[in-house]
Structure formats: structure tokens, C-alpha cells
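# Inside the fold
Read off the chains here:
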Amino acid sequence: MASAAAATAAAAAAASIRERQTVALKRMLNFNVPHIKNSTGEPVWKVLIYDRFGQDIISPLLSVKELRDMGITLHLLLHSDRDPIPDVPAVYFVMPTEENIDRMCQDLRNQLYESYYLNFISAISRSKLEDIANAALAASAVTQVAKVFDQYLNFITLEDDMFVLCNQNKELVSYRAINRPDITDTEMETVMDTIVDSLFCFFVTLGAVPIIRCSRGTAAEMVAVKLDKKLRENLRDARNSLFTGDTLGAGQFSFQRPLLVLVDRNIDLATPLHHTWTYQALVHDVLDFHLNRVNLEESSGVENSPAGARPKRKNKKSYDLTPVDKFWQKHKGSPFPEVAESVQQELESYRAQEDEVKRLKSIMGLEGEDEGAISMLSDNTAKLTSAVSSLPELLEKKRLIDLHTNVATAVLEHIKARKLDVYFEYEEKIMSKTTLDKSLLDIISDPDAGTPEDKMRLFLIYYISTQQAPSEADLEQYKKALTDAGCNLNPLQYIKQWKAFTKMASAPASYGSTTTKPMGLLSRVMNTGSQFVMEGVKNLVLKQQNLPVTRILDNLMEMKSNPETDDYRYFDPKMLRGNDSSVPRNKNPFQEAIVFVVGGGNYIEYQNLVDYIKGKQGKHILYGCSELFNATQFIKQLSQLGQK
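Heads up: these notes are all about the structure in this document. Each chain carries its own residue numbering, running from 1 in the direction its sequence is written. For a predicted model such as this one, the threshold for reporting local features is a pLDDT of at least 70, and the threshold for listing and counting side-chain atom pairs is 80 or more; totals across whole chains, interfaces and linings nevertheless cover every residue. For the side-chain quantities, the full set of heavy atoms in the structure was used; hydrogens and water were omitted.

Segments assigned H or I by DSSP are reported as helices when at least four residues long, segments assigned E as strands when at least two residues long, and all are numbered from the N terminus. On a plain count of helices and strands, the protein chain comes out with 23 helices and 18 strands. Accessible surface, the protein chain: about 29,500 Å² in total, of which carbon and sulfur atoms supply 52%. Only the protein chains shown count as cover for residues, and the accessible areas themselves come from Shrake-Rupley with a 1.4 Å probe.

Before going further, it helps to spend a moment on the packing of helix α15 (residues 391-418) against helix α16 (residues 420-431). Packing of α15 against α16 leaves a shortest axis separation of 6 Å and a crossing angle of 70 degrees. Between α15 and α16, the angle is such that the two are roughly perpendicular. Packed against α15, whose contacting residues are H414, I415 and R418, the element α16 presents L420, D421 and Y423 at the interface. Ten residues, namely Ala, Val, Leu, Ile, Met, Phe, Trp, Tyr, Cys and Pro, are considered nonpolar, four, namely Asp, Glu, Lys and Arg, are considered charged, and the remaining ones, Gly among them, are considered polar. Here the contact of α15 with α16 is built from residues that sort into 3 nonpolar, 1 polar and 2 charged. Only the stretch in contact is used when fitting a helix axis, every axis being a line fitted to C-alpha atoms; angles between N-to-C directions are given from 0 to 180 degrees. Should an angle fall under 35 degrees it is taken as roughly parallel, and over 145 as roughly antiparallel, whereas 65 to 115 is taken as roughly perpendicular and any remaining angle as oblique. Residues are treated as being in contact if the distance between any of their heavy atoms lies within 4.5 Å.

Along the chain, S639 falls in helix α23 (residues 631-642). For S639, a relative accessible area of 8% puts it in the buried group. There is a polar contact of 3.2 Å between the side chain of S639 and the side chain of N488. Residue contacts for S639: discarding those within four places in its chain leaves N488, N490 and P491. For every residue, the accessible area (1.4 Å probe, protein chains only) is compared with the maximum for its type, and the residue is labelled buried under 20%, exposed over 50%, or partly exposed between those bounds. Polar contact is the term for a pair of N or O atoms within 3.5 Å; when the atoms are in protein, one must be able to donate a hydrogen and the other to accept it, and sequence-neighboring residues count only if both atoms are side-chain atoms.

Turning our eyes to something else, we now look at the pairing of strand β6 (residues 145-150). In this sheet, β6 lies alongside strand β5 (residues 113-120) in parallel orientation, the contact comprising 5 bridges. Considered in β6, the bridge of N119 is made with F149. Handedness of the crossover joining β5 and β6 through helix α6 (residues 126-138) is recorded here as right-handed. Any two strands are treated as partners once DSSP identifies two or more bridges connecting them. Note on handedness: a clockwise path from strand one over the helix to strand two, with the strands aimed away from the viewer, defines a right-handed crossover.

Once that is clear, we can look at the packing of aromatic side chains. Pairing of aromatic rings covers Phe, Tyr and the six-membered ring of Trp, with a centre-to-centre limit of 6.5 Å; geometry is then stacked below 30 degrees between planes, edge-to-face above 60, and tilted otherwise. According to the stated counting rule, one finds 24 aromatic pairs in the structure shown. Arranged with centres 5.3 Å apart and planes meeting at 70 degrees, the rings of Y279 and W328 form a pair that is edge-to-face. On the criterion of sequence distance, the pair formed by Y279 in helix α10 (residues 279-286) and W328 in helix α11 (residues 326-331) is long-range, its members being 49 residues apart. Comparing Y279 with W328, the two get one shared label, buried. Pairing F459 with Y462 gives two aromatic rings, centres 5.8 Å apart and planes at 45 degrees, and the pair type is tilted.

Before going further, it helps to examine the sheet that holds strand β10 (residues 259-264). One open sheet holds the 7 strands; their spatial order is β7-β8-β18-β17-β10-β9-β16, and the pairing between them is mixed. Sheet topology places β7 (156-159) and β16 (569-571) at the edges, where each strand pairs with a single neighbour. When the angles between neighbouring strand axes are averaged without regard to direction, this sheet yields 20 degrees. Sheet analysis places strand β9 (residues 211-214) next to β16, joined by 3 bridges and oriented antiparallel. Residue pairing in the sheet places R213 in a bridge with Y570 of β16. Set on the sheet, helix α2 (residues 17-29) makes contact with β7 and β18 (620-625); between it and β7 the angle comes to about 135 degrees.

Let us look at the pattern of salt bridges. Whenever a carboxyl oxygen of Asp or Glu lies within 4 Å of a side-chain nitrogen of Lys or Arg, that contact is scored as a salt bridge. The tally for this structure, following the rule as stated, stands at 29 salt bridges. In this structure, R569 and E221 form a salt bridge, with 2.7 Å as the shortest nitrogen-oxygen distance. Taken as a pair, R569 in strand β16 and E221 in helix α9 (residues 219-236) lie far apart in primary sequence, 348 residues in all. For E221, a relative accessible area of 16% puts it in the buried group. Residues D402 and K398 are paired through a salt bridge, measuring 3.1 Å at the closest nitrogen-oxygen approach. Of this pair, D402 and K398 both sit in helix α15, 4 residues apart, roughly one helical turn.

Further remarks concern the packing of α16 against helix α18 (residues 452-465). The interhelical angle for the contact between α16 and α18, taken along N-to-C directions, is 10 degrees, at an axis separation of 9 Å. Between α16 and α18, the crossing angle belongs to the class labelled roughly parallel. Between α16 and α18, the contacting residues are L420, Y423, Y426, E427, I430 and M431 on the first element and D454, K455, L458, I461, Y462 and S465 on the second. Class assignment for the residues of the contact of α16 with α18 results in 8 nonpolar, 1 polar and 3 charged.

This part is about α6. The terminal C-alpha atoms of α6 lie 18 Å apart, and with 13 residues this matches the ideal 18 Å at 1.5 Å per residue to within 8%. Residues of α6 that are buried include every one of I132, A135 and A136, and no others. Down the axis of α6, the buried set is contained in an arc of 100 degrees. They therefore lie on one face. In α6, the exposed residues that point more than 90 degrees away from the buried face are R126, L137 and A138. Those residues of α6 hidden inside the fold are in contact with α5 (98-109), β5 and β6. Among the residues trailing α6, S140 stands out with phi positive, at a value near 40 degrees. One less than the residue count of a helix, multiplied by 1.5 Å, gives the span that helix is expected to have. Arc definition: directions from the helix axis to the C-beta atoms.

This part is about the sheet that holds strand β12 (residues 293-298). In space, the 3 strands of this open sheet follow the order β11-β12-β13, with antiparallel pairing throughout. At either end of the open sheet lies a strand with only one pairing partner, and these are β11 (288-290) and β13 (315-320). Neighbour-to-neighbour, the strand axes of this sheet turn through a mean angle of 20 degrees, independent of strand direction. Two strands pair when backbone bridges link them, and β12 and β13 are joined in this way by 6 bridges, in the antiparallel orientation. Note on β13: the bridge partner recorded for E297 is K316.

Here we come to unusual backbone geometry. One non-glycine residue, L291, adopts positive backbone phi at about 50 degrees. With respect to the secondary-structure elements, L291 resides in the loop between β11 and β12. A positive phi angle is found at M559, which is not glycine, with a value near 55 degrees. In this structure, M559 sits in the loop between α21 (548-557) and β16.

The buried fraction of β5 is high, at 7 of 8 residues. Alignment of strand β4 (residues 85-94) against β5, held across 7 bridges, turns out to be parallel. Its bridge partner being in β5, P89 is matched across the sheet by S115. Handedness of the crossover joining β4 and β5 through α5: right-handed.

Written out as C-alpha cells, the structure is:
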């Protein structure tokens, strides 16, 4: 039983968590031998068998083409009907659950493959390992089981600097699960263990032992205590420690250890409900976007069909928004109007290049010829050849432009139909305690402004952020307006209890000063030639504002004294005796930090942290959360909590 993690960490010196997890996966697909990029030999053909957990970890990181380059001819779900392929090795990547192990034993008995490389996403227990050994013996397939590895990869990386614990069974670690009033101690233990197992895997893959800070009296504190214990036990067992020798010091954390800040979702419930204005967060808020893939429904329109014709069926399209996509990388954090403008510019520059290729082709009298024939003409064709060689690049550029045109148009339709710019601006004012230009009741009662859910989100933000809770009479009036607008009041029930409870504990989180200043409507995009009709949409510009999570991180990373974070607990798993103190041993600011939100995170906070760290030279920050939800999913959880 070997740990693949140690070797991986050594290989991936100074890499982002995304690169590290990718290197670990490639190594695994290469039968747990480091994958060398430029080896000339053909890869060994093999099949990959994963469960849903494995699929979720691999799909944001490796494309089907990359899998094929690694020799994976077939990738199948463990619990699907699989035909035997007796002359091919199989690489398994699954969670060590009872049913997965039963199925693997069945595969051994049925002699499905030539050899078996068993990789467990999270560490497998001794007893389950023995089950596999017994099955292998019974099937006389012992020699075929080539390797068994614990991969410690039980988390999903979505960005270079962002990860989430899980996508399958996420209701087990959801905000609702942690905050249920009727949760038993044993259930809570299970939830915490699940979170800690994934965080442990994360640090093994990162190759670093963090210094942990957390707020007291919250679920985050329970996670901190358990994680500290787990890291400590692993470090103490020197022979099998996952953090020994070559792995430490090889990472990006050369001398200094990273800081892990564990915060509880309850310190800020307004942000996850907030309407947003940056591209990635908007896509997540209004479209179906998860694990870096957005699913769009494209209506094919009924304009030109005869009266009474049935509307055409909607086509579903899905797009992957990946780090390879330069436009996405550059603009995912930009305010939406800027994105619309940039898509337009890209389109224009592409058209100019496209015309150039056509022009060159026609000069040479080659309109109809295929590319191959063109490249064979040698006289004075340097110019043309360069045009032709840039064609694949141009086509890729066109694909990305089309993708973002479609995604941005879909987002824009939501903004216009629901007046999301109005909501965003108004909520920003509420959260920053600025004077409001129109009454909350007006927006709630305006039938044209947003969906019932938009109105509920707005009201909850108001309710959470206000110092002085509205009087009973006012509250009744709001409730009536919300009910008339078709809102479900369950979430408010929960937030009311939550607020009464936290009021005893602390003052509401503050969100800094004002954040938006409207600028004149978009001048360029308003040109008639543009794809995006932005009429009536405000061009709001963001001022950098630290949200509560960012503020807490800033205090702890820069060692600032602040009543908000001064009593945060301090754990150092490397200290021999764990002593409970909130007095940090280390007085120097940190270069690297991981913020982890217990109870769920969102792209608004992620973006806020990314913007914050831009101004800090040489510092790195990672954002992680137990699940990633948008406001719709969060409201649903609040609603379930509010049901009596």
C-alpha cells in the first residue's frame, strides 16, 4: 500500500493546486509512475473506471482529448454495465465505499480486465482492503491486482486558486445539514469528519502543513479541532507520514507555511444572497453553471413562423469555461458591461482577420482550394502561408467568441428581464449602509422588477444587514407585499431566528462604504452594430470593497489586531503538544493563505479575494468551500430550515 501523494508533491514544485491535482491524476493514469510529457513511445492503452466522485474530480481538470493522450480509450462509470475487455489493464479511481468495493470484487471474479490498478480517492480502511484481498484470492486474480493506492484527492479543483469539497452528496455537508436544529451529535460528527477528510486530502496534495485559525463556537471550530488532530497524528507517525522529506520545501511554500483560515458561513449570510455584477458570478447566479460547465437552453425563435405555429423545441447546449479560455481568464472577474464590450471588440478584430484570409485567398485565385493545396504553392506565398497557418488559431478564436456571445447574451436577457442591475445597486447600498433613493416596498411591489425570489433575496439582505430590525408592524407590511409578489416566506422564518440568535453573539457584519458609481450608459456598446443591446442597463463600476470573509483574512494574514478576529483560535499541528491558545506564535505576516468557508461559498467572495490579493505583491490566496451554491440553491436551503 503506497501513498502516491508524497511523490506527486515532489514532482509538482511551485505549482497551483490545480496543477498539483492534475499532475497527481496524470501520474495515476500512468499506473502511478510520473508522467513524462515528451516521451515518444505510444502510451499504454487502458480503460478508466470511475464512480461519480471520481468523475467530478477529473472532469474540470482533464478533457477527453487529454485522457486519450494518456492512453485512456474508454472511461466508464463503475456501476454501469461493462463488457469484459480481457487484454487491457484497468485503472480504477473511486471512493472506498462498501458498494464500490463489492463491485470491484465482482469485476475480479468476472475477470473483466487484464490487470487492475486500484486507486482510492480517499484513504481505504484496513478491513475493506482485506475484503478486496479475499476476493482476489477467491477469484485467483491476485497477480492481476497490480497496485492499490490511496490518492488523497478527495476534493474538486475549479480554478488555480479555488476548490470545493464535493459535488455528489453535497447535501450531507450543506449549510442546511450543519445548521439543522434537530441534528444529533453523531450526525454532526459525520459531517465534520467528511469535511476534514477532504481538507486533509487537500493539504496532502498541496504538500504543506498549515497553521490554522478559526472563529470560536462555530462549526468552523469543530473542523479546526479535528483537522489539527488528523494532521498531528499523521506527522507523528514518521514512517507513514504524508508530509515528510522531499515533499516539504518542494512546494510553493518554500520556507513559510500557509495560513488556513476557517470561517463559518454564518458570519455573512448576505453575500450568498447578493445579486452580483461580475461575469463569472453572474453566470453562476442566473444560468445553470457547475463544475466549470454552463448549460444553456437556446430557443430557436418563432418570429417568422406562421401564426399559431408551435414554438420550436429548445436546444440544450453546454460550454466548458476553462483556464485555457483566455477571454474567460481575463474577464471572469470583470463587471458585466465591460464583458459585453470586450466580446464586441474581439468579434470586430476577428472579422478583420477573417477578411484578410479571404482576401489573400482570392488574390491567388484559390477560393475553392483546400488548405493543403494552398500550402504547396511556394512562389511568393510566405504571406499566404502565414495566413493559412493561423487558420486553426482563428477558428479557435471564433469558437471562443461564439461561446461568450451566447453566454453573455443569455446573462443579459436575465439582467434585462429581472432588472438585476437595479437589484445589485440597491443591495450594495443596503450592505454599505448608504441612504436609499427609493423605498424597499416599492421594489418589492413593482411587478416588473425581478422574480419573487429576487425580491426575497433583496428583503433578506435588508433584514440581515440592518442594525435595527424593522418593527412588527413594518415587518407585517413587508411580509404582505412579499406574499402578494408570490414569495415563499420560509427563508425569512429561518433568518429571523438566526438573527435573534446571532444578535446575542455579535453585531452584524459590515460591508465597508459605498461600492458602485453609475457611469453614463455604455457608449461603444450602444452602437447599433453591437450584438448586445444594453439599453436601460446601468453601467455600474465596482470599487474594491472587502467583504467580511476578505476582511477576516486580511486581519489574520497581515497580523493586524482587530476585535473581529483577535479571539480566533490558533492551531499549529507541528507543535508537539497541542495547546489551545489564540496567541499566535508566528508574528510575521503570511505569504500564502487558504480561506475555507464551512457551510458553503460562492463566486462573489472568491472574486472579492482575487481582487484583494491583486494588490499584494508576491502573496497567494486560495478559496475553498464545503459546497458552492448560488442564491437560488441557498434560498432553497434557508427555506427548508424555515419550515416548521
